[in-house]
Amino acid sequence: MKIFITTCNTHLHLVPIFCHLFNKYWGGEQPVTLLGYNHPQSYKFFKLPENFSFEQLNGGDQGRVEDFSNHLHAYFSTVEDDYFIWGVEDTFLKSPVNFDVLNAFFKVCEDTNNTKIGRIDLTEGMSHRATSLWKTVDGIDILVNPQDAEWRVATQISIWNKEYLLSNLKPNRSPWEVEILALQEALH
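Computed from a prediction, not measured in an experiment: that's the story for all the values here.

(A) The overall build of the protein, seen in detail. The helix and strand inventory of the protein stands at five helices and eight strands. Helices (α) and strands (β) of the protein occur, in sequence order from the N terminus, as β-α-β-β-α-β-α-β-β-β-β-α-α. Taking 2.2 N^0.38 as the reference for a compact globule, 188 residues should give roughly 16 Å; the C-alpha atoms of the protein span a radius of gyration of 16 Å, in line with that estimate. Projected onto its principal axes, the C-alpha coordinates of the protein cover approximately 45 × 40 × 30 Å.

Rendered as structure tokens:
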């Protein structure tokens, strides 16, 4: 599954840390596409690892923070995959990836009967909210949050259904507005 990580010019100093921890805990064989404005190699003494590539958003013009949703909507509209992993550069891996769990999530996404999956959180954040058992895949219990759970849309690293993500990247929204307003809109 493709992985996309977003950064901005003021967070370029986080990219070397993210890359190091990603390769340490996920592995340097996994390709990652970094989405941003200024190339991270413009940051002093840093060379992007070989498994990372860089795609420039909006011709390099970062614009206002409220342009966040516009630039990502334009980019993700061009992605052909139905599901992909997307997050931001300040979500650091802190321990080895459990590939058994990740592969169970991938199977869920590949099952064409699962048409209502919008996002699978790859952090433990949603597990600290109300959950119930949805199904078990290859011995892995997959939990689901209720529809009114906070932070159903979050920029933390997650597996995204492309259409669900695009529907939540409404025009002229900052990262925080994308997260906060999505729940309010879903409840109305």
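Structure shown, so let's carry the discussion forward.
(B) Structural detail: the packing of aromatic side chains. Tallied over the full model, the rule gives 14 aromatic pairs. Arranged with centres 4.9 Å apart and planes meeting at 15 degrees, the rings of F76 and F84 form a pair that is stacked. Overall, the relative accessible area of 0% leaves F76 in the buried class. Using a relative accessible area of 0% as the deciding quantity, one classes F84 as buried.

(C) Spatial organisation of the pairing of strand β4 (residues 83-88). Most of β4 sits out of view: six of its six residues are buried. In β4, alternate side chains face the same way, and those of Y83, I85 and G87 on one face and F84, W86 and V88 on the other are all buried. The sheet contact formed by strand β1 (residues 3-6) and β4 spans four bridges and is parallel. The residue of β4 that forms the bridge with T6 is V88. As paired strands, β4 and strand β8 (residues 158-161) are joined by four bridges and run antiparallel to one another. What sits directly across from F84, in β8, is W160.

(D) Focus on helix α2 (residues 68-76). Taken residue by residue, α2 has F68, S69, H71, L72, Y75 and F76 as its buried positions. The arc enclosing the buried residues of α2, seen along the axis, measures out at 165 degrees, which places them on a common side.

(E) Representation of the nonpolar core. With 33 residues, the main nonpolar core has F22, W26, L48 and I159 as its most contacted residues. For this core, the elements supplying multiple residues, two or more each, are β1, α1 (15-25), β2 (32-36), β3 (52-56), β4, α3 (99-110) and β7 (140-144). Dropping the residues within four chain positions of it, F22 is found in contact with I3, G27, Q30, V32, N51, F52 and L93. Listed in part, the 18 residues of the second largest apolar core include F4, F68, Y75 and F76.

(F) Layout of the sheet that holds strand β5 (residues 119-121). What the six strands build is an open sheet, ordered β3-β2-β1-β4-β8-β5; its pairing is mixed. The open sheet has two edge strands with one neighbour each: β3 and β5. Pairs of neighbouring strands in the sheet enclose a mean axial angle of 25 degrees, with direction left out of account. Together, β1, β2, β3 and β4 form the strand contacts of α1, whose direction differs from that of β3 by roughly 140 degrees.

(G) Molecular detail of the environment of A104. Assignment of secondary structure puts A104 in helix α3. For the pair formed by A104 and G59, sequence separation is 45 residues and the distance between their alpha carbons is 37 Å. Aside from chain neighbours lying at most four places away, what touches A104 is V137, I140 and I142.

(H) How the structure looks around the pairing of β7. When strand β6 (residues 132-137) meets β7, the two strands line up antiparallel, connected through five bridges. Considered in β7, the bridge of K135 is made with I142. Hairpin remark: β6 followed by β7, antiparallel, with two residues in the connecting loop; positive phi at D138, about 50 degrees.

(I) Local environment of a nonpolar patch on the surface. A surface patch of nonpolar side chains, about 300 Å² in accessible area, is lined by V65, W176 and I180. Structurally, I180 can be placed in helix α5 (residues 175-186). Note on I180: relative accessible area 42%, which makes it partly exposed.

Parameters at a glance
- The numbering scheme is per chain: residues are counted from 1 as the chain's sequence reads.
- Side-chain atom pairs in this predicted model are given and counted only at pLDDT of 80 or more, local residue features only at pLDDT of at least 70, and totals for whole chains, interfaces and linings cover all residues.
- Side-chain numbers here rest on the full set of heavy atoms in the structure, without hydrogens or water.
- Secondary structure counts use DSSP, requiring at least four H or I residues in a row for a helix and at least two E residues in a row for a strand, with both numbered from the N terminus.
- Note on method: radius of gyration uses C-alpha positions; expected globular size equals 2.2 Å times residues raised to 0.38.
- Centres within 6.5 Å are what make two rings of Phe, Tyr or Trp a pair, Trp counting through its six-membered ring; a difference in plane orientation under 30 degrees is then read as stacked, over 60 as edge-to-face, and the rest as tilted.
- Any residue under 20% of the maximum accessible area for its type is buried, any over 50% is exposed, and the rest in between are partly exposed; the area is computed with a 1.4 Å probe on protein chains only.
- When DSSP finds at least two bridges between two strands, those strands are taken to pair.
- By arc we mean the arc of the directions from the helix axis to the C-beta atoms, nothing more.
- Here, nonpolar core refers to any group of buried Ala, Val, Leu, Ile, Met, Phe, Trp, Tyr and Cys residues whose side-chain atoms link them within 4.5 Å.
- Pairs of residues are marked as contacts when any of their non-hydrogen atoms sit within 4.5 Å.
- Note on method: axes are straight lines fitted to C-alpha atoms, helices fitted across the in-contact stretch only, with angles between N-to-C directions ranging 0 to 180 degrees.
- Like-charged residues within 9 Å of one another, or nonpolar side chains (Val, Leu, Ile, Met, Phe, Trp, Tyr) within 5 Å, are grouped into patches, provided each residue has over 30% relative accessible area and no salt bridge.
- In these tables, accessible area is a Shrake-Rupley quantity obtained with a 1.4 Å probe, and a residue counts as shielded only by the protein chains included in the view.
- Basic side-chain nitrogens of Lys or Arg form a salt bridge, by our definition, when they fall within 4 Å of a carboxyl oxygen of Asp or Glu.

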